Amino acid sequence: MGSEPSGEVYLPDSVRTAVKVLVVGPFAVGKSTFVDTLSEIEPLHTEETMTRDGAVVDDLHGITDKTTTTVALDFGRRTLSDRVVLYMFGTPGQQRFLSMWEDLAHGALGALVLADVARLEESFDVISVLEERGLPYGVAINDFSSVDIPSHEELREAFDLLPEIPLVTCDARDRSGTARAMISLVEHVLASPFQHAQESA
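Residues numbered from 1 in each chain as written. Predicted model: local features only at pLDDT ≥ 70, side-chain atom pairs only at ≥ 80, totals over all residues. Heavy atoms only, no water.

Asks: What's the story with unusual backbone geometry in this structure? I'm lost.
Replies: Working note: non-glycine residues mostly have negative phi, and peptide bonds are mostly trans. Its identity as a non-glycine residue notwithstanding, Ala-28 has a phi of 60°, on the positive side. Assignment of secondary structure puts Ala-28 in the loop between β1 (17-24) and α1 (31-38). Here the phi dihedral of Asp-160 falls at roughly 55°; this positive angle occurs in a residue that is not glycine. The class for Asp-160 is exposed, based on a relative accessible area of 64%. (Helix = DSSP H or I, 4+ residues; strand = E, 2+ residues; numbered from the N terminus. Buried < 20%, exposed > 50% of the residue type's maximum accessible area, 1.4 Å probe, protein only.)

Here it is as structure tokens:
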């Protein structure tokens with residue numbers, strides 16, 4: 001999936017197509033780390049240090065070592081080929097920022113939902129919003145907890161996923177795993193009716 005990060009800021013002249021995707025999911029699921037890992041440029045983060053007041057609003061149950069939180073977006077870039085570049089927009093996970101990431105969805109061709117196997121139910125609302133918008137999506141289980149991961153069949157049943165929706169397991173800190181997850185989303189988007197409708201509009 002493209003070359004390894006080279007530190008180059010500027011795109012090659014051969015690039016003709018830009019693809020915008022969202023990296024979404026509940027609070028503290030690893031979205032910023034995912035964008036960090038996959039981006040070939042220095043990612044843009046809008047993070048703030050968590051305070052005691054914020055801890056009252058944001059449920060930290062089952063979450064350790066969380067000291068900052070995204071308050072607007074994370075942004076990264078990955079060149080897929082000499083003609084196609086991927087722009088990744090990581091969104092805040094808290095419910096109070098839902099309208100913000102719905103705005104970020106404008107122009108996006110798809111979304112990758114990151115989920116924590118220990119908190120699967122926290123991803124359900126995110127998936128519902130994507131389905132309401134008709135935005136193609138894939139699901140990636142971020143394997144960073146000590147909880148055993150159920151089978152893909154059990155996960156599909158828990159998320160109530162249609163057969164064509166990609167479901168993968170990855171570690172947001174591992175480039176090959178994040179690339180595999182993003183490839184599964186891009187392939188799904190390219191094959192979806194949503195993409196064909198965009199092309200004919």
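Asks: What exactly am I supposed to notice about the pairing of strand β6 (residues 137-142) here?
Replies: One face of the sheet, then the other: side chains in a regular strand alternate in exactly this way. Burial within β6 is extensive, with six of its six residues counted as buried. Judged by which residues are buried, β6 turns out to be covered on both faces: Tyr-137, Val-139 and Ile-141 on one side and Gly-138, Ala-140 and Asn-142 on the other are all buried. Across five bridges, strand β5 (residues 110-115) lies against β6 in parallel orientation. Opposite Ala-115, over in β6, you have Ile-141 as the bridge partner. Following the chain from β5 across helix α4 (residues 124-133) to the adjacent parallel β6, one finds a crossover that is right-handed. Two strands pair when backbone bridges link them, and β6 and strand β7 (residues 167-170) are joined in this way by four bridges, in the parallel orientation. The partner of Ile-141 across the bridge, within β7, is Thr-169. (Pairing = 2+ DSSP bridges. Right-handed = clockwise from strand over helix to strand, strands pointing away.)

Asks: Explain the confidence of the model for the protein chain to me, please; I cannot follow it from the model alone.
Replies: Regions with low pLDDT carry predicted coordinates that are not meant to be interpreted in detail. Residue-level pLDDT values for the protein chain average 82, and 75% of them are 70 or greater. The least confident element of the protein chain, judged by mean pLDDT, is helix α2 (residues 52-57) at 44; the most confident is β6 at 97. Within the model, the stretch residues 1-6 combines pLDDT values under 50 with 19 contacts to residues more than four positions away or in other chains. Below a pLDDT of 50 lies the segment residues 50-58, which in the model reaches 12 contacts outside its immediate sequence neighbourhood of four places, other chains included. (pLDDT = per-residue confidence, 0-100. Contact = heavy atoms within 4.5 Å.)

Asks: Can you help me understand the packing of aromatic side chains in this one?
Replies: Evaluation of the coordinates by the stated rule reveals three aromatic pairs. A centroid spacing of 6.0 Å and a plane angle of 85° characterise the contact between Phe-124 and Phe-159, whose relative ring orientation is edge-to-face. Of this pair, Phe-124 sits in helix α4 while Phe-159 is found in helix α5 (residues 152-159), placing the two residues 35 residues apart along the sequence. An aromatic cluster of three or more residues is present, and its members are Phe-75, Tyr-87 and Phe-89. For Lys-20, the ring lying beneath its charged end belongs to Phe-89, and the centroid distance is 4.9 Å. (Phe/Tyr/Trp six-rings, centres within 6.5 Å; stacked < 30°, edge-to-face > 60°. Lys NZ or Arg CZ within 6 Å of the ring centre and 35° of its normal.)

Asks: What's the story with the side chain of Ser-184 in this structure? I'm lost.
Replies: Mapped onto the secondary structure, Ser-184 falls in helix α6 (residues 175-191). The class of Ser-184 is buried, set by a relative accessible area of 15%.

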